[in-house]
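One letter stands for each residue in the lines below.
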Amino acid sequence: KLLEGHAVARACERMTASDLERIIQHNEQFNLYAVKGNMKKAMIENQRFHFSIYQCADSSTLTDMIESQWIKVGPTIAKYIGQHALRNTDTFNINTSKHLKLISALENHDPISALNALTSILDITANYLFNSLNHDTKQSSSTLNEIWK
């Protein structure tokens, strides 16, 4: 949250109209692919959405640090979020509204609102991921218990 939050706040101060248009386009593509059920492309557009913002922070060091974290957690997020969360209408609608709040904050060059919106997005993702992992762990334990009976 700290790295991405810092990048979002910096982006608010440095972003151009063309940067914002590119971010909006990635968000629209993310929504389009998610609604069509193409989770792989939706996840790619979600990453492009976020990194288009982070690149506006104009700090290659910060962007590289964020990217290294995404590389570490990306496959797990893609598995659980891509397969399940975006297909859940409630989760998808909540995430979509948070993306729109982030875009609005960026448009208004409001770093506090942008940070709050990003924090909400990250919290939703972390909670969904934790719950999915917890569910899978319980499923695995249940299956093993049945096998060993």
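For the structure itself, consult the block above.
These remarks concern the structure in this document. Just so it is clear, the model here is predicted, and its values are computed rather than measured. (Residues numbered from 1 in each chain as written. Predicted model: local features only at pLDDT ≥ 70, side-chain atom pairs only at ≥ 80, totals over all residues. Heavy atoms only, no water.)

### Re the overall build of the chain
On a plain count of helices and strands, the chain comes out with six helices and zero strands. In the chain, the order of α-helices and β-strands from amino to carboxyl end is α-α-α-α-α-α. Expressed as a percentage of the 149 residues in the chain, the buried residues total 36%. On the chain, roughly 8,700 Å² of surface is accessible, and the fraction owed to carbon and sulfur atoms is 53%. (Helix = DSSP H or I, 4+ residues; strand = E, 2+ residues; numbered from the N terminus. Buried < 20%, exposed > 50% of the residue type's maximum accessible area, 1.4 Å probe, protein only. Areas by Shrake-Rupley, 256 points an atom, 1.4 Å probe, with all protein chains shown as cover.)

### A short note on the environment of threonine 76
Mapped onto the elements, threonine 76 comes out in helix H4 (residues 60-83). Relative accessible area serves as the criterion here: at 31%, threonine 76 is assigned to the partly exposed category. Placed 53 residues apart in sequence, threonine 76 and leucine 129 show a C-alpha to C-alpha distance of 8.3 Å. Apart from the residues lying within four places of it in its own chain, the contact partners of threonine 76 are Leu129 and Leu133. (Contact = heavy atoms within 4.5 Å.)

### Examining the nonpolar core
Residues Ile23, Ile53, Tyr54, Leu102 and Leu106 are the most contacted members of the largest nonpolar core, which totals 24 residues. Counting residues per element, the ones that place at least two in this core are helix H1 (2-14), helix H2 (17-36), helix H3 (39-55), H4, helix H5 (89-107) and helix H6 (111-148). Here this core takes five residues from H6, the largest share from any one element. Residues contacting isoleucine 53, with those up to four places away along its chain left out, are Val8, Ala11, Ile23, Leu102 and Leu106. (Core = buried A, V, L, I, M, F, W, Y, C linked by side-chain atoms within 4.5 Å.)

### Section: the environment of glutamate 13
By the secondary structure assignment, glutamate 13 is in helix H1. Under the relative-accessibility criterion, glutamate 13 is labelled exposed at 59%. A sequence separation of 95 residues divides glutamate 13 from asparagine 108, and the C-alpha atoms of the two residues are 9.9 Å apart. Within the structure, the side chain of glutamate 13 is placed 3.2 Å from the side chain of arginine 14, a separation counted as a polar contact. (Polar contact = N/O pair within 3.5 Å; in protein donor to acceptor, adjacent residues only side chain to side chain.)

### Brief notes about the packing of H2 against H3
Contact geometry for H2 and H3: axes closest at 8 Å, N-to-C directions at 160°. Accordingly, the angle class assigned to the pair H2 and H3 is roughly antiparallel. Between H2 and H3 the crossing geometry is left-handed. Here H2 contributes Arg22, Ile23, His26, Asn27, Gln29, Phe30, Tyr33 and Ala34 to the contact with H3, which in turn contributes Met39, Lys41, Ala42, Glu45, Asn46, Arg48, Phe49, Ser52 and Ile53. Residue composition of the contact of H2 with H3, by class: eight nonpolar, five polar and four charged. (Axes fitted to C-alpha atoms, helices over the stretch in contact; angles between N-to-C directions. Parallel < 35°, antiparallel > 145°, perpendicular 65-115°, else oblique. Left-handed = near helix turned anticlockwise from the far one by under 90°. Nonpolar A, V, L, I, M, F, W, Y, C, P; charged D, E, K, R; others polar.)

### Describing the environment of threonine 125
Turning to its location among the elements, threonine 125 is positioned in helix H6. As for threonine 125 and isoleucine 77, which are separated by 48 residues in sequence, their C-alpha atoms are 8.2 Å apart.

### Notes on the pattern of salt bridges
Inspection of every chain in the model, using the stated rule, returns four salt bridges. For aspartate 19, the salt bridge identified is with arginine 22, shortest N-O distance 3.3 Å. You can see aspartate 19 and its partner arginine 22 sitting in helix H2, three residues apart, about one turn around the helix. (Salt bridge = Lys/Arg side-chain N within 4 Å of Asp/Glu carboxyl O.)

### Considering the side chain of threonine 63
By the element assignment, threonine 63 lies in helix H4. Overall, the relative accessible area of 11% leaves threonine 63 in the buried class. Every residue in contact with threonine 63, bar those within four places of it in the chain, is listed here: Phe51, Tyr54 and Gln55.

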